[in-house]
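# Residue-level structural notes
Listed below are the residues making up each chain.
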Amino acid sequence: MNATQRLTSVTLSVSDTPSNFIGTCRPVDDFEKVGRVGEGTYGIVYKAIDKSNQKTVALKRMRMEREADGLPLSALREISLLRRLSHTNIVRVMEVCVGQDLADFGLARQFSVPPCPMTPKVVTLWYRAPEILLGERLYTEASDMWSAGCIFGELLKNAPLLPGKVEPHQFELIIALLGNPTERIWPSFRDLPLANLFRFDTPKMQQQYSTIKQVLSSSNGAAAASPQALELVQDLLVYDPKRRLDTRGALRHSYFRREGPNPCIPSAIRLRFDSRSGGGGGGIFGGGSSAGSGNLRGGGAIANLRKKLEGEQQQGQDFRRKIRRVDRDEDFDLPVGARPFRQFDLDEK
Amino acid sequence: VMMEPVYPEGVDDLDAEDACDPMMLSEYVVEIFEYMKKLEVECMPNPNYMESQKELKWSMRDILIDWLIDIHNKFRLLPETLYLTVNIIDRFLSLRVVSLVKLQLVGITSMFIAAKYEEVIAPSIKNFIYMADNGYTDEEIQRAERYVLSVLEFNLQYPSSMSFLRRCSKAENYNIQTRTLGKYLM
């Protein structure tokens with residue numbers, strides 16, 4: 001297997017319950033670990049060989065810190081999401097499986113429209129967008145674009161771009177790289193819930209200029225970033241989520257259009273994937289003796305349900321009012337009528 | 001291939017007003033809903049699963065759901081969590097024969113899973129055990145969780161009717177009466 005070939009599938013293992021994790025899952029002993037690929041917030045990824053067929057897989061060992069609550073919430077969402085995703089650039093799930101490539105789906109969840117408030121402490125600190133650091137709970141796809149910017153910068157720099165240790169340190173590093181946020185470039189950022197936890201008036205938090213150009217042109221081992229590459233990182237690392245580059249804008253960016261090598265049709269770089277289906281298995285339900293009528297406790301639920309739904313109705317209204325209050329930024333001109341790359345059109349046929 | 005949508009005469013672009021509002025995802029919203037409609041079909045339980053169950057009857061499902069609604073109410077969970085819970089139960093019962101003594105375990109476990117999936121902060125396993133009147137142990141719920149998830153192959157991406165209602169509500173300018181009636185019917 002050559003080094004650039006991607007690990008094509010991932011198998012989940014859970015450290016403290018090696019053999020009986022899930023009925024359909026084989027014991028971890030069926031796989032021989034070859035090496036450690038990487039470590040994320042939620043687990044360690046190994047390159048491994050499936051002894052039954054000699055295929056190379058990625059094995060992700062999930063951390064089970066709060067084992068009292070069963071499968072960790074992040075793992076549950078990650079597995080569920082990855083099972084639905086099917087794309088050559090996303091690791092394919094093989095058994096009860098999780099994946100970690102450049103993308104981390106640890107807290108991926110399906111969007112709802114309009115979005116509801118989400119779990120506050122998300123994303124590995126290094127890739128966390130400033131609005132999340134400041135406690136924004138209605139974060140959007142723009143926060144992911146920030147993470148993409150951090151990772152793209154990391155590839156250019158050959159080292160993590162913003163390796164913060166704790167939240168305040170993370171913000172210091174952001175400011176050291178980009179200069180401090182102001183009301184002009186990021187209106188009303190001081191109104192975000194946690195903004196008062198950060199002392200923006202200290203010298204460390206006051207820096208007028210961006211140093212990103214210097215950082216990315218003199219890097220350890222990496223070639224200096226081209227002007228277009230630099231521009232793409234800068235457009236992704238914009239403080240105000242509303243002004244940050246979006247996915248379609250990024251695809252149209254001059255980095256991809258003016259600078260070689262050009263994007264090519266995905267089929268030209270197609271990777272081979274092998275698939276495998278999980279079978280059935282024994283379980284704890286089914287059969288068994290029927291002892292009495294169980295201990296279901298019913299009663300009085302309908303009235304409560306109605307009350308609850310009425311309450312929710314009110315919340316929904318408040319919520320809608322709240323998101324309607326988000327300031328419209330007229331200066332921000334979203335490109336309309338996005339035209340995809342010609343090359344991508346070819347792939348559709 | 002991306003195409004500019006063409007609207008019939010008298011029909012407005014529903015998302016034009018959101019072009020400047022990243023919270024409304026106007027860029028992706030049409031694709032998201034097309035996908036959700038596809039998902040909805042995939043997530044349908046077998047409507048006749050009770051015929052394959054040996055010990056269960058529809059009336060027992062009623063009691064179970066009423067009880068879960070009670071718990072849902074006490075935990076103050078999101079409506080999405082309840083809909084996902086019921087969907088997990090029905091899909092699981094479409095695939096496995098369950099004894100009556102285990103029905104409540106299926107119910108509580110489904111809600112435990114749904115809460116983890118949907119809630120910002122999910123109730124702990126201890127909370128659920130308390131609600132089940134200590135009828136099940138921590139270990140039983142954890143094993144049930146793994147089993148339910150493996151039977152459903154971790155497919156929890158159920159597009160709840162709430163999402164569709166929100167979309168319809170938007171299309172008719174948030175008429176409060178229609179919206180409330182819609183919610184009541186759900």
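Residues numbered from 1 in each chain as written. Chains lettered and ligands numbered in written order. Predicted model: local features only at pLDDT ≥ 70, side-chain atom pairs only at ≥ 80, totals over all residues. Heavy atoms only, no water.

Looking at an unreviewed UniProt entry, one finds chain A named cyclin-dependent kinase, with Chytriomyces confervae as its source organism.

### Here's the deal with the UniProt feature "binding site: ATP" (unreviewed entry) in chain A
Residues and elements named next belong to chain A. Here the UniProt-annotated "binding site: ATP" (unreviewed entry) positions come out as Lys60. By the secondary structure assignment, Lys60 is in strand β4 (residues 55-62). On the accessibility criterion, Lys60 (1% relative accessible area) is buried. (UniProt positions renumbered as here; feature names shortened; annotations may be inferred. Helix = DSSP H or I, 4+ residues; strand = E, 2+ residues; numbered from the N terminus. Buried < 20%, exposed > 50% of the residue type's maximum accessible area, 1.4 Å probe, protein only.)

### Overview of the environment of Arg137 of chain A
All names here are of chain A. As for its position among the elements, Arg137 is in the loop between α2 (130-133) and α3 (141-157). The partly exposed category is assigned to Arg137, whose relative accessible area is 37%. Separated by 55 residues in sequence, Arg137 and Leu192 place their C-alpha atoms 9.3 Å apart.

### Details of the pairing of β4 of chain A
For a regular strand, the rule is simple: side chains alternate between the two faces of the sheet. With six of eight residues buried, β4 of chain A lies mostly within the body of the structure. The turn joining strand β3 (residues 43-50) of chain A and β4 of chain A, which pair antiparallel and follow one another in sequence, is formed by four residues; a positive phi near 65° is taken by Gln54 of chain A. (Pairing = 2+ DSSP bridges.)

### So, the confidence of the model for chain A
Residue and element names in this part refer to chain A. Taken residue by residue, chain A gives an average pLDDT of 65. The fraction at 70 or more is 52%. Least confident of the elements in chain A is helix α10 (residues 342-348), whose mean pLDDT is 32; most confident is helix α6 (residues 227-236), at 92. Predicted confidence is poor over residues 97-117, with pLDDT under 50, and the contacts of this stretch with residues over four places away or in other chains come to 82 contacts. Here residues 315-349 is a poorly scored stretch, pLDDT under 50, and it has 54 contacts once near neighbours within four places are set aside; other chains count. (pLDDT = per-residue confidence, 0-100. Contact = heavy atoms within 4.5 Å.)

### A word on unusual backbone geometry
Here the phi dihedral of Asn158 of chain A falls at roughly 65°; this positive angle occurs in a residue that is not glycine. Mapped onto the elements, Asn158 of chain A comes out in the loop between α3 and α4 (167-178). The residue Asp133 of chain B is not glycine, and still its phi comes out positive at about 55°. Within the secondary structure layout, Asp133 of chain B lies in the loop between α5 (125-131) and α6 (138-151).

### Digging into the pattern of salt bridges
In the structure shown here, the tally under the stated rule is seven salt bridges over all chains. Of the charged contacts in the structure, one is a salt bridge between Glu131 of chain A and Arg244 of chain A, with a shortest N-O distance of 2.8 Å. Of this pair, Glu131 of chain A sits in helix α2 while Arg244 of chain A sits in the loop between α6 and α7 (247-251), and the two are 113 residues apart along the sequence. Taking the relative accessible area as the measure of exposure, Arg244 of chain A reaches 3% and is therefore buried. Arg61 of chain B is the partner of Asp90 of chain B in a salt bridge, and the nearest nitrogen-oxygen pair spans 2.7 Å. Within this pair, whereas Asp90 of chain B is found in helix α3 (residues 79-95), its partner Arg61 of chain B is found in helix α2 (residues 58-74), the two being separated by 29 residues in sequence. Classification of Arg61 of chain B as buried rests on a relative accessible area of 19%. (Salt bridge = Lys/Arg side-chain N within 4 Å of Asp/Glu carboxyl O.)

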